[in-house]
Amino acid sequence: MRPKYHFTATQNWLNDPNGLCFLDGEYHLFFQHNPQGNTPGNIGWGHAVSADLLHWTELEMALPFDGNVMAFSGSVVIDHDNSSGFGANAMVAIYTAHHIQKPLQTQHLAYSNDRGRTWNQYAGNPVLDIQKADFRDPKVFWHTPTQRWVMVLALPDERQVQFYGASNLKNWTLLSTFGPAGQTGGIWEVPDLFELPFEGTSKWVLKVDIGTGAQFGGSGGQCFVGHFDGLAFHAENNAWLDYGKDFYAALSFSNTERPIWLAWMNNWQYAQATPTTPWRGCMSLPRVLGLRRNSTGIVLTQNPIAELEQLRQKTHEVSPSRLEQHSLCLPLGADYFELWLECDLGAAQSLCVRLEGKNGLSEIGYDSLRQELYLDRRQSGQVTFHSEFAGRHFAQLELVEPKLRLRLFFDACTLEVFAQDGEVVLSDLIFPDSKIEAIVLQSTGVVQLEKLMVWT
Ligand code: FRU
């Protein structure tokens, strides 16, 4: 079940990505980790590094549980100008200290002067304490127009996020509060805020996760597109991030030229029951972010990083053809692959791609009548480990022309579907009982297949 090109910890429990950043040719991935067991507990920051976002080396834990305080989620910035006094180009981690002896969460700093290999706690911790039991997940970035650091973090129970500003990462003042807004059916966690280019100018994206009450149950992520004026965020729209069930706590990288993020591929509803050992939990693919205008408004686009193409091995290509009622079968026998499909649905009612194992199958398809892209994992293999796991997840998608473009990545237990160049994404775990023996395409009506490539 262990993915080959998605990050997993060597052993034991993993949840949110933390402190994603780039420094001196290395990407850093920190993660919520229990070094002692396969369920949450003793939480601190695990650590891994990579030169290409694909091959990761796990290092020692960066911020371990110290007996009193668990290091909950947070971010890392590179302090180029030594604003904090921790040293030029210090890596500074801003994280939530979860106090186990009292109901309190405060924000702490730790820093490293040796590319994240060793960490020092700031002697003046906490840097932010509003005496709340739930107040967490600081994401910090440098805001150029106001020349200061901005922190966004969650007030989970209030369904709010707050923005704070500081010139030195230490003395934070409240700038504003946003919410409740959008999806409020569960507590708010793990916010992120970043600017993306859009039609010659830019817009800001505020991402906030909800702990329960997502569209298909359990936890999930939403985003607001709008404007951040240095003090407050003004939302223009609200949408889900991902229409699968397993994309949570997404976090963007600091100090990269491209806007990239990745998330924990899981759902709090059943995360502790997924059938893997001696590890549990994996990250999504790193995705490049963008904004695009379509018939529904301005949408966040997510596309897999181009580096993934380096991993392609054997190519299977099907020449353009007409699909009509019957199915097309591509024998495969693979635990890992990428699929690229482009087709013209014409007046066809549906098209589906079935990933068939020995005893089960997962189905990804488009239903023209409902204008729906879906992923059905009800028969995908091991599904009974939790009553809420089996299901069919879908996104509204209006096709133009009507052409469908799909890129699909399968990696042992992960499925990520990117449609229409990243306008709609569905990420789901599956636990097949065997390799994917064949990819089968089936249509209701005539579909013109323009491209079908599969790379193991
Ligand atoms: C989100 C979350 C965060 C918290 C962390 C604890 O999945 O609940 O809010 O900081 O996980 O591991």
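Trainee: I keep staring at the overall build of the protein and nothing clicks. Help me out?
Mentor: A count of helical and extended segments in the protein gives 0 helices and 34 strands. Here the C-alpha atoms of the protein give a radius of gyration of 22 Å, agreeing with the 23 Å that 2.2 N^0.38 yields for 456 residues. Seen through its principal axes, the protein has C-alpha atoms that stretch 70 × 45 × 40 Å. Across the 456 residues of the protein, 60% fall into the buried class. Taking contacts inside the protein between residues at least 6 apart in sequence as the whole, the part at least 24 apart equals 59%. With the model as given, the accessible surface of the protein reaches about 17000 Å², and the carbon-plus-sulfur share is 47%. Separation of charge centres in the protein, based on 33 positive and 49 negative side chains, amounts to 2 Å.

Trainee: What am I meant to see in the pairing of strand 4 (residues 57-63) here?
Mentor: Relative to strand 4, strand 3 (residues 44-50) runs antiparallel, the two sharing 4 bridges. Looking at strand 4, one finds that Trp45 is bridged to Leu63. As consecutive antiparallel partners, strand 3 and strand 4 are separated by 6 residues, and within that stretch Leu53 has a phi angle of approximately 70°, a positive value.

Trainee: In this structure, what is going on with the site of the ligand? I would like to understand it.
Mentor: In the vicinity of the ligand, the residues found are Asn15, Asp16, Gln32, Phe72, Ser73, Arg136, Asp137, Glu189, Val190, Tyr248 and Trp268. At 2.6 Å from an oxygen atom of the ligand is found a side-chain nitrogen or oxygen belonging to Gln32. Protein burial of the ligand: of its 320 Å² of free accessible surface, 93% is covered by the chains. Among the secondary structure elements, those contributing two or more residues to the shell around the ligand are strand 1 (12-23), strand 5 (69-79), strand 9 (136-143) and strand 13 (188-198). The residue inventory of the shell around the ligand, partitioned by class, reads 4 nonpolar, 3 polar and 4 charged.

Trainee: Is there a simple way to explain the state of the cysteines in this structure?
Mentor: Covalent bonding between the sulfur atoms of two cysteines defines a disulfide. Applying the stated criterion to the full structure yields 0 disulfides. Free cysteine Cys413: the closest other cysteine sulfur is in Cys282, separated by 4.8 Å.

Trainee: Whenever I open this one, the pattern of salt bridges confuses me. Can you help?
Mentor: Two side chains of opposite charge can pair, provided their charged atoms sit close to one another. One pass over the structure, following the stated rule, counts 27 salt bridges. Residue Glu423 pairs with Arg292 through a salt bridge whose shortest N-O separation is 2.8 Å. With Glu423 in the loop between strand 31 (414-419) and strand 32 (424-429) and Arg292 in strand 20 (residues 287-294), the pair connects residues that are 131 residues apart, well separated along the chain. The residue Asp428 makes a salt bridge to Arg377 at a minimum N-O spacing of 3.7 Å. One end of the pair, Asp428, is in strand 32; the other, Arg377, is in the loop between strand 28 (372-376) and strand 29 (392-396), with 51 residues separating them in the sequence. Considered together, Asp428 and Arg377 belong to a single accessibility category, that of buried residues. Residues joined by salt bridges that share partners form a network here, namely Asp134, Arg136, Asp137 and Glu189.

Trainee: Looking at this structure, I do not really get the pairing of strand 6 (residues 90-99). What am I missing?
Mentor: In regular strands, side chains alternate between the two faces of the sheet. Among the 10 residues that make up strand 6, 9 are buried, leaving the element largely enclosed by the rest of the structure. Summarising the sheet, strand 5 and strand 6 pair through 9 bridges and their orientation is antiparallel. The residue bridging Ser75 from the neighbouring strand is Ile94, located in strand 6. Bridge count between strand 6 and strand 7 (residues 104-112): 9 bridges; the pairing is antiparallel. Residue pairing across strands places Ile94 opposite Leu109, the latter belonging to strand 7. What sits between the antiparallel neighbours strand 6 and strand 7 is a turn of 4 residues.

Trainee: Looking at this structure, I do not really get the sheet that holds strand 18 (residues 260-264). What am I missing?
Mentor: Remark on secondary structure: sheet strands pair via backbone hydrogen bonds, oriented parallel or antiparallel. Pairing within the open sheet is antiparallel, and its 4 strands lie in the order 17-18-20-21. Looking at strand neighbours, the two that pair on one side only are strand 17 (248-252) and strand 21 (297-304), the edges of this open sheet. Sheet twist, expressed as the average angle between the axes of neighbouring strands with direction ignored, equals 40°. With 8 bridges connecting them, strand 20 and strand 21 associate as antiparallel partners. Looking at strand 21, one finds that Gly290 is bridged to Thr301.

Trainee: Would you explain the sheet that holds strand 4 in this entry?
Mentor: The strand order 4-3-2-1-19 describes an open sheet built from 5 strands, whose pairing is mixed. A strand with exactly one partner marks an edge of an open sheet, and here the two such strands are strand 4 and strand 19 (279-280).

Trainee: Would you mind showing me how to read the nonpolar core here?
Mentor: Note on soluble globular proteins: their nonpolar side chains tend to be buried together. Within the largest apolar cluster, 58 residues are counted, with the highest numbers of intra-cluster contacts made by Phe163, Leu206, Phe337, Leu404 and Ile439. With 32 residues, the next largest nonpolar core counts Tyr5, Leu251, Ala271 and Leu308 among its residues.

Trainee: Just to check I follow, could you spell out the environment of Gly67 for this structure?
Mentor: Within the element layout of this structure, Gly67 appears in the loop between strand 4 and strand 5. Each C-alpha atom, one on Gly67 and one on His99, is 9.3 Å from the other, the two residues being 32 residues apart in sequence.

Trainee: Explanation requested: the environment of Lys170 in the structure shown.
Mentor: Secondary-structure assignment places Lys170 in the loop between strand 11 (160-166) and strand 12 (173-178). On a C-alpha basis, the gap between Lys170 and Asn12 in space is 33 Å, while along the polypeptide they are 158 residues apart. Those residues in contact with Lys170 that sit more than four places away from it in its chain are Ser84, Phe86, Leu109, Tyr122 and Val127.

What counts and how
Residues numbered from 1 in each chain as written. Predicted model: local features only at pLDDT ≥ 70, side-chain atom pairs only at ≥ 80, totals over all residues. Heavy atoms only, no water. Helix = DSSP H or I, 4+ residues; strand = E, 2+ residues; numbered from the N terminus. Rg over C-alpha atoms; globule rule 2.2 N^0.38 Å. Buried < 20%, exposed > 50% of the residue type's maximum accessible area, 1.4 Å probe, protein only. Contact = heavy atoms within 4.5 Å. Areas by Shrake-Rupley, 256 points an atom, 1.4 Å probe, with all protein chains shown as cover. Lys, Arg positive; Asp, Glu negative; His and termini not counted. Charge placed at Lys NZ, Arg CZ, Asp CG, Glu CD. Pairing = 2+ DSSP bridges. Near = heavy atom within 4 Å. Polar contact = N/O pair within 3.5 Å; in protein donor to acceptor, adjacent residues only side chain to side chain. Nonpolar A, V, L, I, M, F, W, Y, C, P; charged D, E, K, R; others polar. Disulfide = S-S within 2.5 Å. Salt bridge = Lys/Arg side-chain N within 4 Å of Asp/Glu carboxyl O. Axes fitted to C-alpha atoms, helices over the stretch in contact; angles between N-to-C directions. Core = buried A, V, L, I, M, F, W, Y, C linked by side-chain atoms within 4.5 Å.

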